[in-house]
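Coordinate analysis (summary)
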Amino acid sequence: MGIQDTAGPLDGTGISTFLRSLPARPVLLGLGEARHFVGELGEVRNELFRHLVEHEGYRAFAIESDCLRGLVVDDHIATGAGGLDDVMERGFSHGFGASPANRELVRWMRAYNREHDEKLRFFGFDGPLEYWAASPRQAITALHDLLDGPLPCTRETLDALLGPDERWSNEATAMDPSRSIGRSPEARRLRLIADDLVALLETQAPQLSADDRERAALYGRTATGLLRYHYWMADTSPVRWPRLSALRDAMMAANLRAVAERGPALVFSHNLHLQRGRSRMSFGDQELEWWSAGAITATHLGDRYAFLASAFGTAGEDAPPPGTVEGALSTLPWDRSLVDARRLAETLPSPSPRVSHDFAYFPLDPTRLDLIDGIVFLKRAADLTGPG
């Protein structure tokens, strides 16, 4: 079997054939990014999503962006609320609102919803996180407002405990745990209140509308997740960054399970977050390792979760050596290919790992191809940008 026998052109027919080759119809189809802000991959993603909507019954899209900001985009595509410029600025985190592909995606989803009765949904599934965390104010107060009394505290008490948002969103806490308020008396009390509010939500679920239950559950997950994250931001032990990385992906996975209830959905995020194995990343002088959101999600969904990793041949001016997976895939006759990763692993028994000169690009791990369902391979990626 040659390498060309493991692949085909990446198009609508190819993606439909791929879905039918899986052991079960996925309710979540993950499309990973080997690098953020690759223009060509964003265009491919949009084409695939349109095909999945029009031919495979997909009704939701989820992206590695702030889950609360995502409500702005979801509201826009459902009702037309807000101008597109404002929605792109307020509805995305991590600089993703500046992506032309994301803008086109939102425009297309809104146009689709205007013409069809069965509506598309948009979700951010990351927490309100960068390397630091946002204030839990929006999540915990919104949850508080959706519930009836008796409540564990008043809004005034919540406001007093939260204090200025700047205390929570201080970027300096990323590298200096002493700047974090995550283990302050106020933060500890807020964790208990958030837990009580989530428990109260369960007792009041029958009286809430479906939309309110969905939002309240999101607010509850986000409030408790953020407060837990802030607690570990204040930690000074060597496990601080591995724990924070794991907590972020656990928050992602919880949001993805909620998205699955509205699926089938296409999920777009970094390969590191969507892969089935443990994620590994160099961070300063540490080598971090944690279970990815994809691994957690697959544990819950089994075969109803599928993962397509992306990989590039020449990225910018960085060409892959012939002995690497990307080097071998570069010999395929198509500019855009869809590759059966497990059959590829049998065809390439001992490829070398690729070393990229682009710190933002994460090459495929040749020892873990059997954990991937398929590979979206672009022979050349020239449109490499960054946030802003």
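Keep in mind that this is a model prediction, so the values were computed, not measured. (Residues numbered from 1 in each chain as written. Predicted model: local features only at pLDDT ≥ 70, side-chain atom pairs only at ≥ 80, totals over all residues. Heavy atoms only, no water.)

1. A look at the overall build of the protein
Filter applied, for reference: Secondary structure elements are defined from DSSP: runs of H or I of at least 4 residues count as helices, runs of E of at least 2 residues count as strands, and each element is numbered from the N terminus. All radius of gyration figures rest on C-alpha atoms, and the globule criterion is 2.2 Å times the number of residues raised to 0.38. Between buried and exposed lies partly exposed: a residue is buried under 20% and exposed over 50% of the maximum accessible area for its type, with that area taken using a 1.4 Å probe on protein chains only. It only takes one pair of heavy atoms within 4.5 Å for two residues to be counted as in contact. Here Asp and Glu are counted as negative and Lys and Arg as positive; His is not counted, and neither are the chain ends. A charged residue contributes its charge at one atom only: NZ of Lys, CZ of Arg, CG of Asp or CD of Glu.
Looking only at helices and strands, one finds 14 helices and 10 strands in the protein. In terms of C-alpha radius of gyration, the protein reaches 21 Å, essentially the compact-globule figure of 21 Å for 388 residues. Within the protein, the proportion of its 388 residues that are buried is 56%. Taking as baseline every contact in the protein between residues at least 6 positions apart, the subset at least 24 positions apart corresponds to 79%. The centroid of the 42 positive side-chain charges in the protein is displaced by 2 Å from the centroid of its 54 negative side-chain charges.

2. Concerning the nonpolar core
For clarity, the cut-off: Note on terminology: a nonpolar core comprises buried Ala, Val, Leu, Ile, Met, Phe, Trp, Tyr and Cys residues joined through side-chain atoms within 4.5 Å.
Ranked by internal contacts, the top residues of the largest apolar core, which has 80 residues, are Leu28 and Ile375. When residues of this core are assigned to their parent elements, the largest contribution, eight residues, is made by strand β8 (residues 305-315). For Leu28, the residues in contact, after removing those within four places along its chain, are Leu256, Val259, Ala260, Ala265, Val267, Thr297, Leu301, Arg304, Tyr305 and Ala306. Counting residues in hydrophobic clusters, the runner-up holds 27 residues, among them Ile193, Leu200, Ala216 and Ala223.

3. Considering the environment of Ala62
Along the chain, Ala62 falls in strand β3 (residues 60-66). Sequence spacing of Ala62 and Phe122 is 60 residues, and the spatial spacing of their C-alpha atoms is 6.0 Å. Residues within four places of Ala62 in sequence aside, it is in contact with Phe123, Phe125, Val259, Leu266, Val267 and Phe268.

4. A few points about the side chain of Arg45
Under the convention used in this document: Salt bridge, as applied in this entry: a Lys or Arg side-chain nitrogen positioned within 4 Å of an Asp or Glu carboxyl oxygen.
With respect to the helices and strands, the residue Arg45 is situated in helix α2 (residues 39-56). An unpaired buried charge is present at Arg45: no salt bridge exists, and Glu33, the closest side chain of opposite charge, is 6.4 Å distant. Setting aside chain neighbours within four positions, we find Arg45 in contact with Leu31, Phe61, Ile63, Ala101, Asn102, Leu105, Leu266 and Phe268.

5. A look at the pattern of salt bridges
A complete count under the given rule lists 26 salt bridges for this structure. Arg103 is paired through a salt bridge with Asp85; the nearest N and O atoms lie 2.5 Å apart. One end of the pair, Arg103, is in helix α5 (residues 100-115); the other, Asp85, is in helix α4 (residues 84-90), and 18 residues separate them in sequence. By relative accessible area, Arg103 is classed as partly exposed at 34%.

6. Focus: the packing of helix α8 (residues 185-204) against helix α9 (residues 210-233)
This is how it is decided: Each axis is a line fitted through C-alpha atoms, and for a helix only the stretch in contact is used; angles between axes span 0 to 180 degrees, taken between their N-to-C directions. Our angle categories are set so that under 35 degrees counts as roughly parallel, over 145 as roughly antiparallel, 65 to 115 as roughly perpendicular, and the remainder as oblique. Whether a crossing is left-handed or right-handed is set by the direction in which the near helix is turned from the far one by less than a right angle, anticlockwise for left-handed and clockwise for right-handed. Residues are grouped as follows: Ala, Val, Leu, Ile, Met, Phe, Trp, Tyr, Cys and Pro are nonpolar; Asp, Glu, Lys and Arg are charged; every other residue, Gly included, is polar.
Two elements in contact, α8 and α9, have axes separated by 10 Å at closest approach and are oriented at 155°. Taken together, the axis directions place α8 and α9 in an arrangement best described as roughly antiparallel. Here α8 and α9 pass one another in a crossing that is left-handed. Side by side, α8 and α9 meet where Ala187, Arg188, Leu190, Arg191, Ala194, Asp195, Val198 and Leu201 of the first sit next to Ala216, Ala217, Gly220, Thr224, Leu227, Arg228 and Tyr231 of the second. For the contact of α8 with α9, the class distribution of residues is nine nonpolar, two polar and four charged.

7. Things to note about the environment of Phe122
The residue Phe122 is located in strand β4 (residues 121-126) in this model. Under the relative-accessibility criterion, Phe122 is labelled buried at 2%. When the C-alpha positions of Phe122 and Gly70 are compared, they lie 6.9 Å apart, and in sequence the two are 52 residues distant. Once residues lying within four places of it in the same chain are set aside, the contact partners of Phe122 are Phe61, Ile63, Gly70, Val73, Asp74, Ile77, Phe92, Leu105 and Met109.

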